[in-house]
Amino acid sequence: KAGLDYNITSNDALTIAGLYSNEHVLDDGDIPYFNEDLSTRRRLWLFHEDEYNTAFTASVVYQHKFKQAGHILNMSFNYTFHREDEKYFLTNRMPTFTGRDTFMLIADESVSDLNVDYVKPLKYGRFESGLKLRRRYIPTNMRFMPGLNSPLDTNAAGWANYGETIPALYGNYVYERRHFELE
């Protein structure tokens, strides 16, 4: 993780930060299937998972303080990239055959967030407003390599793209008196 703080002027501040992470996961498991009275094993699923997760996040935050106390403008931008690179190796042991299936997935998630918040103090309260915008995009590539008598739905393979854009605006007026507050 790395970060920098700058005071541009006595009324302005800028913060820049970044974070990188990498994780490798290995997982093995067995799932046996038995008949009703548990006397005979009918199937044994063995799986091996090999997964790499990589993430990078960058953030820029700017704050401007106006001369009036409590009069502030905050702006921030955050970007996150997250890659999942997963491989599953499945062994399907049946009494009459053994099938070996492989499933691979790569998903690259990109998320961008923009936030702007403004606060203006008034004689009896304050006015608040701002906007938030999120853009998220996840292209995913799935591949199946079926083995003998595979139960996998190989038609589900291929590219899948997911995206969303979420905008929001807000405004808020807070009226304050000594024994009364209305928002």
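For the structure itself, look to the data block above.
Per chain, the residues get numbers from 1 upward, laid out in the order the sequence is written. Only residues with pLDDT of 70 or above have their local features reported here, since the model is predicted, and side-chain atom pairs are shown and tallied only from 80 upward, although totals for entire chains, interfaces and linings are computed over all residues. The side-chain quantities take in all heavy atoms of the structure and omit both hydrogens and water.

Chemist: Residues and numbers for the overall build of the chain, please.
Modeler: Scanning the chain for helices and strands turns up zero helices and eight strands. Starting at the N terminus, the α and β elements of the chain follow one another as β-β-β-β-β-β-β-β. Overall, the C-alpha framework of the chain stretches about 85 × 40 × 30 Å when taken along its three principal axes. Looking at the chain as a whole, 26% of its 183 residues qualify as buried. Contacts between residues were defined by any pair of non-hydrogen atoms, one from each residue, lying within 4.5 Å. Here the analysis covers contacts within the chain between residues at least 6 apart in sequence; of these, 60% occur between residues at least 24 apart. When the accessible surface of the chain is totalled, it reaches about 12,400 Å², and 56% of it is carbon and sulfur. We count a stretch as a helix when DSSP gives it H or I for four or more residues in a row; a strand needs E for two or more, and each element gets its number in order from the N terminus. Classification of residues uses two cut-offs on accessible area relative to the type maximum, computed with a 1.4 Å probe and protein chains only: under 20% is buried, over 50% is exposed, and between them is partly exposed. Per-residue accessibility takes into account occlusion by the displayed protein chains alone, with areas from the Shrake-Rupley method and a 1.4 Å probe.

Chemist: Give me the side chain of D108: which residues, what numbers.
Modeler: Position of D108 among the secondary structure elements: in strand β5 (residues 98-122). Polar contacts here mean pairs of N or O atoms no more than 3.5 Å apart (in protein, one a potential hydrogen donor and the other a potential acceptor; neighbouring residues in sequence count only if both atoms are side-chain atoms). Reaching out from D108, the side chain makes a polar contact with the side chain of R83 at a distance of 2.6 Å. Setting aside residues no more than four positions away along its own chain, D108 makes contact with F81, H82, R83, Y137, I138 and P139.

Chemist: Can you break down unusual backbone geometry residue by residue, with the values?
Modeler: Although it is not a glycine, L38 adopts a positive phi angle of roughly 65°. As for its placement among the helices and strands, L38 is situated in the loop between β2 (12-34) and β3 (41-65). Despite not being glycine, N149 has its phi angle at roughly 50°, a positive value. Mapped onto the elements of the fold, N149 is located in the loop between β6 (125-145) and β7 (158-177).

Chemist: Would you mind going over the nonpolar core in detail, with residue names and values included?
Modeler: By size, the foremost hydrophobic cluster in this structure holds five residues: F103, L105, A107, I138 and F144. When residues of this core are traced back to their parent elements, those giving at least two are β5 and β6. Residue contributions to this core peak at three residues, all from β5. Each residue touching F144, except ones within four places of it in the same chain, is listed here: T102, F103, L152, D153, T154, A156 and A157. Take the buried Ala, Val, Leu, Ile, Met, Phe, Trp, Tyr and Cys residues and link them wherever side-chain atoms come within 4.5 Å; each set so joined is a nonpolar core.

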